[in-house]
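Each chain is listed here by its residues.
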Amino acid sequence: MQTITLTTPTYELPHVNRVHVEKLEILGVRNVGQLLVHLPHRHEWIRAQSGLGDLEVGMIGSAIGEITATKLSGYGRKKRFQAVLMDETGRLELVFFNQAYLAKKLHVGMYLRVQGKPTRFGPGLQMNSPMYSIIPFDEVKNLNVDQNDEYRPVYPACEGITSEQIRTIVRAVLDQACALLEDHLSDDYRKDRELPTLGEAYRMIHAPESEAEVTWARRRLAYDELLMLQLGVHMKRAHLRQTLKAPPLSRTPEINQRILTRMPFALTPAQQRVVDEISRDLSFETPTNRLVQGDVGSGKTVVALDAMLLAIAHGHQGALMAPTELLAEQHYLLITEMLKGSTVQVELLTGSMPPADRAGVVEKIASGECDLVIGTHALVSESVAFHSLAVAVIDEQHRFGVEQRARLRVKGGQSAKNSQESETPHVIVMTATPIPRTIGLTIFGDLDISTIDALPPGRTPVTTKHVTPEKRSTVYHWVNEKIKSGDQVFIVVAAIEPGGKEGSIRDLRSLMKELEGGELHDVRIAALHGRLKRDTREHIMHRFRAGKIDCLVATTVIEVGVDVPNATVMVIEDADRFGLAQLHQLRGRVGRGKKPGVCVLIGHPKTEDGIARLQAMVETNSGFELSERDLEIRGSGDVFGTRQSGAPPFKVADPLKEFELLQMARRDAGHWIGKSPKLDRPEDALARRRLLKTHGQWLGLGDVG
Ligand code: ADP
Ligand code: MG
């Protein structure tokens, strides 16, 4: 065979025809290297082949035969497809239930390879829904008989190329390709950790001789994924520590006193602990990078305010970035209220402000006239330059990507004495979507984590109920009664306008009409959604807060942060349409005052996941527990490769199941970066190159080293 390299294109490889080239490209495979990393998603045992007549009852066996007859019987959903398979040694009956489409796929004269456990059927044998593959006609003539049991890879495939075909293509180049792989881990390093070489790992995963080989190979590949991510995260962190300086902000008793007088209530012990943790961070020149997680309503805002006031007391600026305009506006109102009578200049900056107002605020931020700015991601737009930003807070971090955090970080200040010294703010991110420990360690390995693990006093937990849509009228009658007794209500819908392809969901407009003409005809009701002008929205929120509106029918714009203590009832229409984190956030809008809250989920979940989500909501009020449940329902893959992290998803590793491997990778990465912070020793070159390739971009490692 020709010599190949890792960059040899697929069209030069044996067994690859024109169609294959096209199809492989769809799968992301253009050359030998990409073929190697196109990993099987599972493996299955293929039993040594025998003649049909040699199959034994109750033993998994495999054989090839020609289809000599087919039959489709039964009615409706109970369709049954049967086929008879023959070879020179015997006959086997195949039965498939509820797979009527097979009648169009399997025809007399075709050759099939089947595998399964035969049962006795009259005088002969039968296999019920066996594994099967159709043998292409051009291969029928020279069928090679498998002599041994084989643990065979099953590849992600697509229309036009089968897993079997991919396997054949891979097999032909595997040994040569694996021999070309250079390992970024030294022999000693690997031996200490009982890991195979990279070449061995790829050989074993594509052509295993046993199940144990697959396990061993996966361990190496998973370790590599975890290690690379951890190296990236540690490298980034070391870089920040060494090259960036933030203003040290000490908390003197005098400053402390001044801040305390601004707080409308005593901090809970949980809040106080987190404030202390943050204060300690802020007292150093090393830029703070801390995640504050606390359930909905745990009181994160004042913790953030405390840190920003510390910056201002030292003559610097503070910034608070919120994910939505509504939330930014609300923070602005609350914080202005708390700071009334102080000298602190607070400004609001959002994308929808009139350009002239916006320019005015931008100017005040640059001159330092503004001490505290609250805004949306407009804060990180290019036109915004701070005079001296010392504390940047990102609220509801799950709504932002890692990039925005990075962009806020470079907003340090223009006032740094010389340009050598990179001035950067301390960064605090806050989230009510608690991050399970594993994910925290994996993705946010560059963050320290503080947890506000208790709610402020006087909260009564929200009671959650699930009702089916038939009971809607009863629900809204009850809502009317609640309003009559002085409570306020949120109703959340999944869409603004009627129609669209999801015709079955209740939209804001129709629901308003329905309620105004029906159960809620005698209450003050208003609509709130993201398409309204900011003034209108502010006006509505203001009136709702002041008790001049009884019932707000809204989209998920109210999801985060909206804080109206007298609102005690939340009704969510089509609740099964929302994710668990979102439902929990929405529910967090009620029960914020002295009166207990009630959350009614209306929905008719059609999927298992949907049922599981609603059930979880009814069963627990704890955001932490919900996030664990969410992880179970969705699986880790979904969580890892998300906006939440920005990280490319893992192909092999499952940090939830392989916690021990994760910890090992984390420890190893820490040591490695400790010895070689920029990975610039000659022996690190390969690891460095591979690291930058996978994680360089999203981690912004380009500037490192
Ligand atoms: P979240 O963590 O969801 O952002 P908030 O900061 O909005 O929570 O606080 C929720 C509510 O609890 C607000 O009304 C706030 O004023 C109130 N609150 C926060 N801390 C305390 C406290 N220590 N004592 C009493 N009420 C508090
Ligand atoms: Mg909040």
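Residues numbered from 1 in each chain as written. Chains lettered and ligands numbered in written order. Predicted model: local features only at pLDDT ≥ 70, side-chain atom pairs only at ≥ 80, totals over all residues. Heavy atoms only, no water.

**Section: the layout of surface pockets**
The test is simple: Put plainly, a pocket is an open set of points on a 1 Å grid over the protein atoms alone with protein on both sides within 12 Å along at least five of seven lines, a cavity is a set where a 1.4 Å probe fits but cannot get out, and a lining residue has an atom within 4 Å of a point. Grid points are joined across faces, edges and corners, and a volume is the space filled by probe spheres set on the points. Numbering of helices and strands starts at the N terminus; helices are DSSP runs of H or I of at least 4 residues and strands are runs of E of at least 2. Domain limits in this description derive from either an automatic procedure or a database domain assignment.
In this model, the largest pocket occupies a volume close to 1,400 Å³. S133, I134, T162, E164 and Q165 are the residues nearest the centre of the largest pocket, which is lined by 39 residues in total. Sort the elements by how many residues they give to the lining of the largest pocket and helix α5 (residues 163-180) lands first, with seven residues. Both domains that furnish three or more residues to the lining of the largest pocket are identified here as domain 1 (10-43 + 155-209) and domain 2 (48-148).

**Comments concerning the pairing of strand β18 (residues 426-431)**
Side chains on a regular strand alternate between the two faces of the sheet. Cut-off, in case you're wondering: For every residue, the accessible area (1.4 Å probe, protein chains only) is compared with the maximum for its type, and the residue is labelled buried under 20%, exposed over 50%, or partly exposed between those bounds. Whether two strands pair comes down to DSSP finding at least two bridges between them.
Counted residue by residue, β18 has six buried out of six residues, so it is predominantly covered. Burial along β18 is two-sided: the face carrying H426, I428 and M430 and the face carrying V427, V429 and T431 are both buried. As defined by bridge partners, strand β12 (residues 289-294) adjoins β18 across five bridges and the pair is classed as parallel. The partner of R290 across the bridge, within β18, is I428. When strand β16 (residues 389-394) meets β18, the two strands line up parallel, connected through four bridges. In the sheet register, V393 faces β18, and the bridge partner there is I428.

**So, the environment of V344**
Note the following rule: Residues are treated as being in contact if the distance between any of their heavy atoms lies within 4.5 Å.
Locating V344 in the fold gives a position in the loop between α12 (325-338) and β14 (346-349). Look at V344 and you get buried, because its relative accessible area is 16%. In the structure, V344 is positioned 243 residues away from R587 in sequence and 34 Å away in space, judged by C-alpha atoms. When near neighbours in sequence (up to four residues on either side) are disregarded, V344 contacts L309, I312, L339, D371 and L372.

**As for the packing of aromatic side chains**
Stated formally: Paired rings are identified among Phe, Tyr and Trp, the last through its six-membered ring, by centres lying within 6.5 Å, and are further divided according to the angle between planes into stacked (under 30 degrees), edge-to-face (over 60) and tilted (the rest).
Counted according to the given criterion, the structure contains five aromatic pairs. Ring geometry for W45 against Y151: centres 4.9 Å apart, planes inclined by 45°, an arrangement best described as tilted. One end of the pair, W45, is in strand β1 (residues 42-46); the other, Y151, is in strand β10 (residues 150-154), and 106 residues separate them in sequence. Taking the relative accessible area as the measure of exposure, W45 reaches 26% and is therefore partly exposed. Note on Y151: relative accessible area 12%, which makes it buried. On the basis of an interplanar angle of 50° and a centroid distance of 5.7 Å, the ring pair of Y189 and W672 is categorised as tilted. Of this pair, Y189 sits in helix α6 (residues 187-193) while W672 is found in helix α23 (residues 659-675), placing the two residues 483 residues apart along the sequence.

**Concerning empty space enclosed by the protein**
To keep it simple, the criterion reads: Gly counts as polar in this scheme, as do all residues outside two lists: the nonpolar Ala, Val, Leu, Ile, Met, Phe, Trp, Tyr, Cys and Pro, and the charged Asp, Glu, Lys and Arg.
Throughout the structure, instances matching the rule amount to three cavities of 30 Å³ or more. Taken as a whole, the second largest cavity spans an internal volume of roughly 50 Å³. Contributing to the lining of the second largest cavity are L326, E329, Q330, L333, E538, M541 and R545. Mapped onto the lining of the second largest cavity, the elements with two or more residues apiece are α12 and α18 (534-545). It is α12 that provides the largest number of residues to the lining of the second largest cavity, a total of four residues. In terms of residue class, the lining of the second largest cavity is built from three nonpolar, one polar and three charged. Inspection of the lining of the second largest cavity shows a minimum of three residues originating in each of domain 3 (299-431) and domain 4 (463-620).

**Focus on the pattern of salt bridges**
Inclusion rule: Each salt bridge in this description consists of a side-chain nitrogen of Lys or Arg and a carboxyl oxygen of Asp or Glu lying within 4 Å of one another.
Applying the stated criterion across every chain, the model contains 39 salt bridges. R258 is paired through a salt bridge with E254; the nearest N and O atoms lie 3.2 Å apart. Remark: E254 and R258 occur in helix α9 (residues 253-260); sequence separation between them is four residues, near one turn of the helix. Put simply, E329 and R537 hold a salt bridge, and the shortest N to O gap is 3.1 Å. Taken together, the residues span a long stretch of sequence, with E329 in helix α12 and R537 in helix α18 at a distance of 208 residues. The network of salt bridges with common partners includes E150, R152, E164, R167 and R171.

**Overview of unusual backbone geometry**
Its identity is not glycine, yet H15 carries a phi of approximately 70°, on the positive side. Structurally, H15 is set in the segment before α1 (18-26). Unlike most non-glycine residues, L679 shows phi in positive territory, near 50°. Considering the arrangement of structural elements, one finds L679 in the loop between α23 and α24 (685-699).

Function cannot be inferred from these measures alone, as they are strictly geometric.
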